[in-house]
Amino acid sequence: MKIYQIAYKNLFGKKVRSTLTIIGIALSAWVLASLIGFNRGYESSLSRDIDNMGFQIILTAKGCPYEAATLMLKGGTGLKYLPEKVASDIASDKEVKRLSTMLMQAVFDPNKGESGGIMAYQGVDPANYPQMKTYLKFKQGKWFKNQTAYEAVLGYEAAELEQREVGDKILIPGKNIELTVVGILQRSGTQDDGTIFIPVKTVQKIFGMEGKITGVGIQVNQGVDMAKFEEKLYKLPDVQVVSMAQVKQTILNLVSTARVMVLSIAVIAIIISMVGVINTILMSVYERFREIGILKSMGAMPRDIFFMIWIETVILCSIGGLIGNTIAYVLSKITGIIVRSILPYAPTGDLVSIDPGLIITTSLTIIVIGFLSGIYPAFKAARIRPIESIRKED
Amino acid sequence: MPGENIALKASKISKIYKRGIEEIPAVNGVSLEIQSGEFVSFIGPSGSGKTTLINILGCLDNPTSGKLVIAGREIFSSGKFFSESALTRIRREYFGYIFQNFHLIPTLSVYENVAVPLTFFRKKDVSDADIEKLLEILGLGKRMRHLPGQLSGGEMQRVAIARALVNKPLILLADEPTGNLDSQRSGDIGNILKELNRKEGITMILVTHNPQLAKLGDRIVEMRDGNIV
């Protein structure tokens with residue numbers, strides 16, 4: 001017999017108690033891994049969404065820059081319009097690598113869903129936009145033939161929703177205008193998946209918005225001093241300059257504030273689990289007061305008893321941690337979907353990012369917690385004197 | 001028959017418990033010798049100090065004063081206090097214990113319960129085969145894989161006896177070993193202890209309220225008010 005076998009058999013012999021304790025630890029591990037995974041997933045998804053916009057600066061009509069940025073991220077329309085001239089004025093600047101005018105328009109489609117819905121169209125510059133969003137790959141077809149073509153390129157999800165293929169037509173509700181689908185994009189994991197792209201000139205013509213745009217996406221040349229360039233843009237009248245780097249930093253700062261809260265919750269979960277483990281093991285020690293006393297009368301040294309009780313705690317925490325982390329890993333997609341349904345805005349991609357590295361870290365954390373939680377009950381058990389347990393018998 | 005060597009010699013052992021400023025003497029300067037291979041029964045009414053004395057003789061507790069020598073080795077001498085670890089080292093070298101409640105580990109089989117002391121300490125001449133041999137001697141050969149919950153009270157006490165003997169102790173200390181058993185099973189346990197003493201030459205110290213059981217001893221020591229009478 002080895003000491004760990006005595007510990008293991010004791011835990012195995014008390015199935016209900018051990019199982020309940022393991023469930024408690026597993027839940028804590030699950031919460032811990034999911035919270036950290038969410039924090040990481042949210043940050044990286046948000047970061048990627050902003051980076052994938054393909055441009056570093058957006059110009060919109062004057063207004064709240066964050067509102068404008070949020071609307072852009074969510075694929076919505078800007079609140080106000082800019083004259084198209086703004087884009088042509090800055091297109092020749094040496095700092096500008098390329099730019100794309102954008103015009104978002106939305107119409108109510110009574111045939112969408114059960115009670116109708118909003119259809120949104122993104123007008124883009126066919127010459128520059130594809131080069132700014134090089135990560136967009138085609139599943140079928142290609143970009144538009146020319147600036148004024150009555151053609152549309154559908155994002156992966158938009159194509160699925162509309163059930164269209166290349167060569168099919170899509171009707172713009174209320175306008176009685178049909179566009180030919182010339183391309184369907186592969187899934188990109190970004191907002192572009194749900195977008196219907198149309199040449200900007202065509203959108204202007206269809207919606208009677210000639211000379212108007214909702215925004216300009218600007219890609220700058222490498223090595224450009226962004227601060228100086230932005231400074232120059234600020235001088236443009238009635239134009240709001242939105243630097244994506246600033247937006248990203250601001251949002252990530254907000255997220256890092258939320259991270260403190262998330263980690264606080266994780267710490268509380270850990271403390272609750274620790275108290276539960278200490279309580280369970282301590283109860284077991286008190287129940288086995290006489291048994292431990294007899295073991296000591298038979299030659300068990302205090303360190304043997306300490307090790308026996310400690311190992312019980314570590315076994316419980318290791319099993320609980322492993323189960324909890326496995327659940328967190330397996331259910332991370334579902335957790336992400338649930339969290340997404342609760343949040344008012346969530347970036348695209350995996351919201352809960354749990355990788356083997358995180359699993360190892362959280363598992364080790366739970367095992368360390370097991371080591372720490374076991375110290376006090378093991379110390380109490382090691383101090384039991386056989387004479388006290390025998391007296392208790394009388 | 002008592003052996004020629006002295007297994008245990010106690011000189012003027014006293015134990016005084018303190019309750020606040022009040023001092024309660026439990027054992028008053030008791031001296032006695034137990035020969036190797038001797039079977040000594042301790043009797044006396046509750047509170048007579050017999051269990052306290054036996055606990056000191058069995059190195060489960062320190063005396064307040066007095067001297068104790070086991071197999072020629074001086075254990076306690078006046079003013080010398082032993083830590084729990086030091087007492088444990090002495091106990092596992094010389095003693096086996098049986099108590100009124102058997103205190104078997106419920107999650108371990110009969111065989112494993114008997115093997116438990118070897119987890120912590122194993123004398124050089126003790127092997128795993130000794131466990132089976134002991135269980136056979138005690139009539140538990142067919143119960144080795146059973147859990148304590150599947151045994152009768154008498155069987156459980158026999159397992160406890162095997163556990164106490166597995167490390168081949170010099171002295172077996174039995175404190176009310178039949179307190180939880182009916183008269184027939186008490187007789188069986190008494191006979192087992194007597195046989196072990198007679199055949200294996202184990203020094204036996206028995207504390208009991210049962211006069212029939214006490215009579216199995218080569219000598220009966222009666223205690224009253226912390227003294228041997």
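The residue numbers shown here count from 1 along each chain, following its written sequence. Each chain is given a letter, starting from A, and each ligand a number, starting from 1, according to the order in which they appear as written. Totals for whole chains, interfaces and linings use every residue, but because this is a predicted model, local features are given only for residues with pLDDT of at least 70 and side-chain atom pairs only at 80 or more, for both listing and counting. The side-chain values count all of the structure's non-hydrogen atoms but skip hydrogen atoms and water molecules.

## Considerations on the environment of Arg164 of chain A
Residue and element names in this part refer to chain A.
Right, so step 1: Looking at the secondary structure, you find Arg164 in the loop between helix 6 (156-162) and strand 7 (169-172).
Right, so step 2: Buried, partly exposed and exposed residues are distinguished by accessible area as a fraction of the type maximum, computed with a 1.4 Å probe on protein chains only: under 20%, between the cut-offs, and over 50%, respectively. On the basis of relative accessible area, Arg164 is assigned to the partly exposed category, the value being 27%.
Right, so step 3: Along the chain, Arg164 and Val181 lie 17 residues apart, while their C-alpha atoms are 7.6 Å from each other.
Right, so step 4: By definition in these notes, contact holds between two residues if any of their heavy atoms fall within 4.5 Å. Setting aside its immediate chain neighbours within four residues, Arg164 contacts Leu154, Ala159, Lys169, Ile170, Val181 and Ile184.
Right, so step 5: The definition of a polar contact used here is a pair of N or O atoms within 3.5 Å, where within protein one atom must be able to donate a hydrogen and the other to accept one, and adjacent residues in sequence count solely through side-chain atom pairs. At 2.6 Å, the side chain of Arg164 and the backbone oxygen of Glu162 are in polar contact. The helix and strand labels rest on DSSP assignments: H or I over at least four residues marks a helix, E over at least two residues marks a strand, and numbering proceeds from the N terminus.

## Concerning the packing of aromatic side chains
Residue and element names in this part refer to chain B.
Right, so step 1: Centres within 6.5 Å are what make two rings of Phe, Tyr or Trp a pair, Trp counting through its six-membered ring; a difference in plane orientation under 30 degrees is then read as stacked, over 60 as edge-to-face, and the rest as tilted. Per the stated rule, a full pass over the model turns up 13 aromatic pairs over all chains.
Right, so step 2: When the ring of Phe76 is compared with that of Phe82, the centres are 5.5 Å apart and the planes differ by 80 degrees; the resulting orientation is edge-to-face.
Right, so step 3: Lysine NZ or arginine CZ positioned within 6 Å of the ring centre and within 35 degrees of the ring normal marks a charge as sitting over the ring. One residue, Arg145, lies across the ring of Tyr111, its end atom 5.0 Å from the ring centre.

## Some details on the interface of chain B and chain A
Right, so step 1: Contacts between chain B and chain A engage 27 residues on the former and 26 residues on the latter.
Right, so step 2: Counted as salt bridges are all cases of a side-chain nitrogen of Lys or Arg within 4 Å of a carboxyl oxygen of Asp or Glu. There are three salt bridges connecting chain B and chain A.
Right, so step 3: As a salt-bridge pair, Lys9 of chain A and Glu112 of chain B come within 2.2 Å of each other at their nearest N and O atoms.
Right, so step 4: On inspection of chain B and its partner chain A, the count reaches four residue pairs in polar contact (both at pLDDT 80 or more).
Right, so step 5: Contributing elements (two or more residues each) for the side of chain B that touches chain A: helix 1 (50-57), helix 2 (84-94) and helix 3 (110-120) of chain B.
Right, so step 6: Classification used: nonpolar for Ala, Val, Leu, Ile, Met, Phe, Trp, Tyr, Cys and Pro, charged for Asp, Glu, Lys and Arg, polar for all others including Gly. The class makeup of the residues in the side of chain B that touches chain A is 11 nonpolar, nine polar and seven charged.

## Topic: the confidence of the model for chain B
Residue and element names in this part refer to chain B.
Right, so step 1: For every residue, the predictor assigns a confidence score, pLDDT, that lies between 0 and 100. Averaged over chain B, the pLDDT score is 88; the fraction of residues at 70 or greater is 97%.
Right, so step 2: The least confident element of chain B, judged by mean pLDDT, is strand 5 (residues 73-76) at 85; the most confident is strand 3 (residues 39-43) at 94.
Right, so step 3: The complex model carries a pTM of 0.70, and its ipTM stands at 0.84.

## Observations regarding unusual backbone geometry
Right, so step 1: Located in the positive-phi region is Asp238 of chain A, a residue other than glycine, with phi close to 60 degrees.
Right, so step 2: A residue is classified by how much of its surface remains accessible, and Asp238 of chain A, at 59% relative accessible area, is exposed.
Right, so step 3: For His103 of chain B, which is not glycine, the phi torsion reads 50 degrees and is therefore positive.
Right, so step 4: Within the fold, His103 of chain B resides in the loop between strand 6 (95-98) and helix 3.
Right, so step 5: Residue class for His103 of chain B comes out buried when judged on its relative accessible area of 14%.

## Re the side chain of Asn39 of chain A
All names here are of chain A.
Right, so step 1: Within the secondary structure layout, Asn39 lies in helix 2 (residues 15-51).
Right, so step 2: Judged by relative accessible area, which is 10%, Asn39 ranks as buried.
Right, so step 3: Apart from residues no more than four positions distant in its own chain, Asn39 is found in contact with Val255 and Arg259.

## Quick notes on the sheet that holds strand 4 (residues 65-70) of chain B
Residue and element names in this part refer to chain B.
Right, so step 1: Spatial ordering of the open sheet is given by 2-1-4-5, a layout of four strands whose pairing is antiparallel. In this open sheet, the two strands that pair with only one neighbour each are strand 2 (22-35) and strand 5. Direction aside, the axes of adjacent strands within the sheet are offset by 20 degrees on average.
Right, so step 2: Note on pairing: two strands pair once DSSP finds at least 2 bridges between them. Pairing geometry for strand 1 (residues 6-19) and strand 4, over five bridges, is antiparallel. Following the sheet pairing, Ala10 is matched in strand 4 by Leu68.
Right, so step 3: Lines fitted to C-alpha atoms define the axes, with helix axes restricted to the stretch in contact, and inter-axis angles between N-to-C directions lie between 0 and 180 degrees. Packed onto the sheet, helix 1 meets strand 1, strand 2, strand 4 and strand 5 and runs at close to 125 degrees relative to strand 1.

## Some remarks on the packing of helix 5 (residues 153-165) of chain B against helix 6 (residues 183-200) of chain B
Residue and element names in this part refer to chain B.
Right, so step 1: It is at 10 Å that the axes of helix 5 and helix 6 come closest, and there the two elements cross at 20 degrees. The pairing of helix 5 with helix 6 is recorded here as roughly parallel in orientation. By crossing handedness, the relation of helix 5 to helix 6 is classed as right-handed. Of the residues in helix 6, those touching helix 5 at Gly154, Gln157, Arg158, Ile161 and Leu165 are Arg185, Ile189, Ile192, Leu193 and Leu196.
Right, so step 2: Tallied by class, residues from the contact of helix 5 with helix 6 come to six nonpolar, two polar and two charged. Each angle is binned into one of four classes, with values under 35 degrees roughly parallel, values over 145 roughly antiparallel, values of 65 to 115 roughly perpendicular, and all other values oblique. When the near helix sits turned anticlockwise from the far one by under a right angle, the crossing is termed left-handed; a clockwise turn instead gives a right-handed crossing.

## Description of the side chain of Thr21 of chain A
Residues and elements named next belong to chain A.
Right, so step 1: Relative to the helices and strands, Thr21 is located in helix 2.
Right, so step 2: Exposure remark for Thr21: the relative accessible area of 9% places this residue in the buried category.
Right, so step 3: Of the polar contacts made by the side chain of Thr21, one reaches the side chain of Thr280; its length is 3.4 Å.
Right, so step 4: Each residue touching Thr21, except ones within four places of it in the same chain, is listed here: Val277, Thr280 and Leu316.

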